[in-house]
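# Chain and residue survey
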Amino acid sequence: MTPKLILDLDTGIDDALALAYALASPEVELIGVTCTYGNVVVEQSVRNTLAILELFGRTDVPVFEGPGHARAKDSFEVQEISAFIHGQNGIGEVEIPDAARQVEQTSAVDFLVDSVHKYGDELVIVPTGPSTTIAAAIEASNVFRDGAQIVMMGGALTVPGNVTAWSEANIHQDPEATDLMFRSLRNVTMIGLDVTLQTLLTTAETTKWAELGTAGGAFLADITNYYIDAYKTTSPHLGGCGLHDPLAVAAAINPGLVDTLGVNMKVDTEGETRGRTIGDEARLNDPDKHAAVAVRVDTTGFLLEFMHRLSVLAQATPVV
Ligand code: BDR
Ligand code: CA
């Protein structure tokens with residue numbers, strides 16, 4: 001059976017690139033996208049996801065809406081820094097038409113739970129935003145808790161955070177949810193800043209997409225150029241933008257792109273280190289390591305795959 005994939009996106013710019021990577025990967029079948037809040041509010045994440053799928057001619061992929069905020073909070077507002085990096089609309093102020101279709105009636109949590117029931121270990125779920133929806137699925141179903149396989153973008157083990165000195169953006173939104181995920185699931189791969197900040201893109205690459213002269217090529221180039229510009233302000237030392245979310249999708253499809261360390265992880269939920277992803281001292285001597293944390297990445301191999309796959313995908317869209 002072709003392995004199944006579900007993405008859980010807070011559809012900003014690198015989430016859009018992650019979605020494109022999944023659409024361009026014949027090794028897996030993308031059976032659905034669940035949407036969460038983070039870079040944008042959840043309704044905008046749904047809107048962007050549906051519109052991008054339509055742009056790439058993939059109206060067969062169903063889209064589901066998840067919770068709009070962390071359980072510990074009453075509401076969610078996009079942080080200024082998120083709007084600066086991803087634009088007010090989440091996709092670098094680039095305008096693409098709304099999709100003709102609507103989000104599914106089934107909730108994201110029900111879809112995730114049903115999919116784990118149906119596909120078991122044939123399914124990998126790739127969350128690239130806050131862990132809120134995953135935590136809700138864990139609480140909803142023991143089958144999900146015992147059987148879900150996750151390759152997540154988030155956290156930082158060997159490097160500082162990107163929102164606070166301790167905390168990476170996705171974890172920062174809902175530390176309790178990621179902590180529950182690390183403590184409950186048996187099969188989590190963490191693709192954190194340790195590796196995602198070693199996979200950078202520059203305008204040398206986005207120019208190639210623009211030169212394709214297609215709607216898909218223009219979209220990918222325009223959103224990524226916006227993201228590269230933001231990185232020039234927020235992280236000028238990097239010399240490019242971090243391909244956080246696409247690396248998680250690529251590692252889910254080809255685990256050989258990263259080397260991992262087995263660790264029983266937790267998230268600090270109190271005090272100044274709130275949001276830190278770190279080994280759980282209470283489970284240090286447990287020989288079963290439930291998380292694999294990526295600490296090395298084949299940067300060249302990933303970037304080659306990334307450019308090749310997204311270029312083939314964009315080439316197949318209408319000429320503009
Ligand atoms: C993560 O935070 C979001 O802004 C990005 O989409 C990515 O998932 C990087 O810290
Ligand atoms: Ca994201």
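Note that this is a predicted model, so its numbers are computed, not measured.

### Considerations on the overall build of the protein
A count of helical and extended segments in the protein gives 13 helices and twelve strands. Expected size for 320 residues packed as a compact globule is a radius of gyration near 20 Å; at 18 Å, the protein falls within 12% of this value. Across its three principal axes, the protein shows a C-alpha extent of roughly 55 × 45 × 40 Å. Out of the 320 residues in the protein, the part that is buried amounts to 57%. Counting only contacts in the protein whose residues sit at least 6 apart along the sequence, the fraction spanning at least 24 positions is 82%. Charge separation in the protein, taken as the distance between the mean sites of 19 positive and 43 negative side-chain charges, equals 5 Å.

### A short note on unusual backbone geometry
Positive phi outside glycine occurs at E93, with the angle close to 60°. Position of E93 among the secondary structure elements: in the loop between α3 (80-86) and α4 (108-119). Take E93: its relative accessible area is 36%, and that puts it in the partly exposed class.

### A closer look at the confidence of the model for the protein
Residues with a pLDDT of 70 or more make up 100% of the protein, whose mean pLDDT is 98. Taking the mean pLDDT of every element in the protein, the minimum, 96, falls on α3 and the maximum, 99, on strand β3 (residues 63-65).

### Digging into the coordination of the calcium ion (ligand 2)
Surrounding the calcium ion (ligand 2) are the protein donor atoms D10 (OD), D15 (OD), D15 (OD), T128 (O) and D245 (OD), at 2.2 to 2.7 Å. Looking at T128, the relative accessible area reads 1%, which means it is buried. Take D245: its relative accessible area is 2%, and that puts it in the buried class.

### Observations concerning the pattern of salt bridges
Counted under the stated rule, the structure contains 16 salt bridges. Among the ionic pairs, D60 bridges to R58, the shortest N-O distance being 2.9 Å. Looking at R58, the relative accessible area reads 25%, which means it is partly exposed. For the salt bridge of R276 with D268, the shortest nitrogen-to-oxygen distance reads 2.8 Å. Three or more residues joined by partner-sharing salt bridges are found here, namely D179, R183, D280 and R283.

### Observations regarding the site of ligand 1
As a structural note, the neighbourhood of ligand 1 is formed by D14, D15, N39, H86, T128, M153, N162, E168, A169, N170, H244 and D245. One of the side-chain nitrogen or oxygen atoms of N162 is found 2.8 Å away from an oxygen atom of ligand 1. N170 is positioned such that a nitrogen or oxygen atom in its side chain is 3.0 Å from an oxygen atom of ligand 1. Taken by itself ligand 1 offers 280 Å² of open surface, and the protein chains cover 92% of this. Broken down by secondary-structure element, the contributors of at least two residues to the shell around ligand 1 are α1 (13-23), α7 (169-173) and α12 (244-253). Residue composition of the shell around ligand 1, by class: two nonpolar, six polar and four charged.

### Description of α4
For α4, which comprises twelve residues, the first-to-last C-alpha distance of 16 Å matches the rise-based estimate of 16 Å (1.5 Å per residue) to within 8%. Within the sequence span of α4, burial applies to A108, V109, F111, L112, V113, S115, V116 and Y119. Check the buried side of α4 and you find it contacts β1 (4-9), β2 (29-35), β3, β4 (123-127), α5 (132-140) and α6 (142-147). The first or second residue beyond α4 is G120, which carries a positive phi of 50°.

### Some points on the UniProt feature "domain: Inosine/uridine-preferring nucleoside hydrolase" (unreviewed entry) in the protein
The residues that UniProt annotates with the feature "domain: Inosine/uridine-preferring nucleoside hydrolase" (unreviewed entry) are residues 5-302. For residues 5-302, the helix share is 40%, the strand share is 17%, and the end-to-end C-alpha distance is 19 Å.

### So, the nonpolar core
One finds L7, F219 and F306 to be the most contacted residues of the largest nonpolar core, which totals 73 residues. Counting 30 residues, the second largest nonpolar core, distinct from the first, contains I6, A137, I138 and M265.

### Observations concerning the side chain of D179
Topologically, D179 is positioned in helix α8 (residues 175-184). Residue D179 is classed as buried on the basis of its relative accessible area of 12%. Aside from chain neighbours lying at most four places away, what touches D179 is K266, V267 and T269.

About the cut-offs
- Residues numbered from 1 in each chain as written.
- Chains lettered and ligands numbered in written order.
- Predicted model: local features only at pLDDT ≥ 70, side-chain atom pairs only at ≥ 80, totals over all residues.
- Heavy atoms only, no water.
- Helix = DSSP H or I, 4+ residues; strand = E, 2+ residues; numbered from the N terminus.
- Rg over C-alpha atoms; globule rule 2.2 N^0.38 Å.
- Buried < 20%, exposed > 50% of the residue type's maximum accessible area, 1.4 Å probe, protein only.
- Contact = heavy atoms within 4.5 Å.
- Lys, Arg positive; Asp, Glu negative; His and termini not counted.
- Charge placed at Lys NZ, Arg CZ, Asp CG, Glu CD.
- pLDDT = per-residue confidence, 0-100.
- Donors = N, O, S within 2.8 Å, 3.2 Å for Na, K, Ca; no water.
- Salt bridge = Lys/Arg side-chain N within 4 Å of Asp/Glu carboxyl O.
- Near = heavy atom within 4 Å.
- Polar contact = N/O pair within 3.5 Å; in protein donor to acceptor, adjacent residues only side chain to side chain.
- Areas by Shrake-Rupley, 256 points an atom, 1.4 Å probe, with all protein chains shown as cover.
- Nonpolar A, V, L, I, M, F, W, Y, C, P; charged D, E, K, R; others polar.
- Expected span 1.5 Å × (residues − 1).
- UniProt positions renumbered as here; feature names shortened; annotations may be inferred.
- Core = buried A, V, L, I, M, F, W, Y, C linked by side-chain atoms within 4.5 Å.

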